[in-house]
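# Secondary and tertiary structure notes
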Amino acid sequence: MSGNIGSFVGFIKKMANTPLYYTINKYVNCNELRYGTLVGTDSKGNEYYENNDYMFGRNRWIQFKEPNWFMLKSDASDIPPEWHAWMHNMTDDTPVSKPPPERKFHMEHRPNMTPVFKERYTPSTTTKPKIHSWAPPQPKSA
């Protein structure tokens with residue numbers, strides 16, 4: 001919070017109207033308690049908030065749908081590209097107020113699959129190696 005009494009009163013009002021589970025979930029995810037206005041929700045159910053009383057660069061945040069209680073179920077790669085631009089202050093227009101234009105080359109957003117062992121990308125080759133390791137000749141046995 002910015003430190004003034006107005007933001008503290010606003011914080012208390014917001015917490016009074018919010019269920020306890022939601023407050024604990026926010027604290028676990030963000031490691032701090034924040035309040036702000038809901039500006040939109042993406043297709044996965046993640047909620048995006050903004051409060052301009054906070055310092056620039058910390059005034060926009062995401063509340064993931066699935067809480068991170070014991071394992072990290074969500075990370076930054078879960079944010080779709082159109083919301084990424086808003087989160088990083090590239091634009092002030094949310095995808096709710098000004099949807100991005102549809103392009104025929106756009107694909108559906110997929111998060112980073114590196115932590116998931118079965119779905120991660122592993123490169124393979126179909127060509128023969130150009131360099132072969134040397135194998136010393138075996139002595140002939142009599």
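Our structure is the block above this text.
The residue numbers shown here count from 1 along each chain, following its written sequence. Only residues with pLDDT of at least 70 are given local features in this predicted model, and only at 80 or more are side-chain atom pairs given and counted; all residues enter the totals for whole chains, interfaces and linings. Working from all heavy atoms in the structure, the side-chain values ignore hydrogens and water.

Glancing now at the sheet that holds strand 2 (residues 47-50). Strand order in the open sheet made by the three strands is 1-2-3, with antiparallel pairing throughout. Of all the strands in the sheet, just strand 1 (37-41) and strand 3 (60-63) have a single pairing partner and so form its edges. Within the sheet, the average angular offset between the axes of one strand and its neighbour, ignoring direction, is 30 degrees. Two strands qualify as a pair provided that DSSP identifies no fewer than 2 bridges between them. Runs of E in the DSSP output that reach at least two residues are strands. Runs of H or I that reach at least four are helices, and both are numbered from the N terminus. As defined by bridge partners, strand 2 adjoins strand 3 across four bridges and the pair is classed as antiparallel. Axis lines are fitted through C-alpha atoms, for helices just across the contact stretch, and the angle between N-to-C directions can take any value from 0 to 180 degrees.

Now for unusual backbone geometry. Even without being a glycine, Asn 89 presents a positive backbone phi close to 60 degrees. Along the polypeptide, Asn 89 turns up in the segment after helix 3 (81-87). Here Asn 89 falls in the partly exposed class, since its relative accessible area comes to 24%. Burial here depends on accessible area, computed with a 1.4 Å probe over protein chains only, as a share of the maximum for the residue type. Under 20% is buried, over 50% is exposed, and the range in between is partly exposed.

Moving on: the pattern of salt bridges. Any carboxyl oxygen of Asp or Glu that lies within 4 Å of a side-chain nitrogen of Lys or Arg is treated as forming a salt bridge with it. One pass over the structure, following the stated rule, counts two salt bridges. Across the pair Arg 60 and Glu 50 runs a salt bridge, and its minimum N-O distance is 3.1 Å. Residue Arg 60 is found in strand 3, and its partner Glu 50 is found in strand 2; the two are separated by 10 residues along the sequence. According to the relative accessible area criterion, Glu 50 is buried, its value standing at 17%. Put simply, Asp 92 and Arg 60 hold a salt bridge, and the shortest N to O gap is 3.0 Å. Note that Asp 92 is positioned in the segment after helix 3 and Arg 60 in strand 3, a separation of 32 residues in sequence. Exposure remark for Arg 60: the relative accessible area of 8% places this residue in the buried category. One network of salt bridges, in which partners are shared, links Glu 50, Arg 60 and Asp 92.

By size, the foremost hydrophobic cluster in this structure holds seven residues: Tyr 48, Ile 62, Phe 64, Ile 79, Trp 83, Trp 86 and Met 87. The biggest single contributor to this core is helix 3, with three residues. Two residues form a contact once any of their heavy atoms are found within 4.5 Å. When neighbours within four sequence positions are excluded, Trp 83 is seen to be in contact with Val 39, Gly 40, Thr 41, Asp 42, Tyr 48, Thr 94, Pro 95 and Val 96. Note on terminology: a nonpolar core comprises buried Ala, Val, Leu, Ile, Met, Phe, Trp, Tyr and Cys residues joined through side-chain atoms within 4.5 Å.

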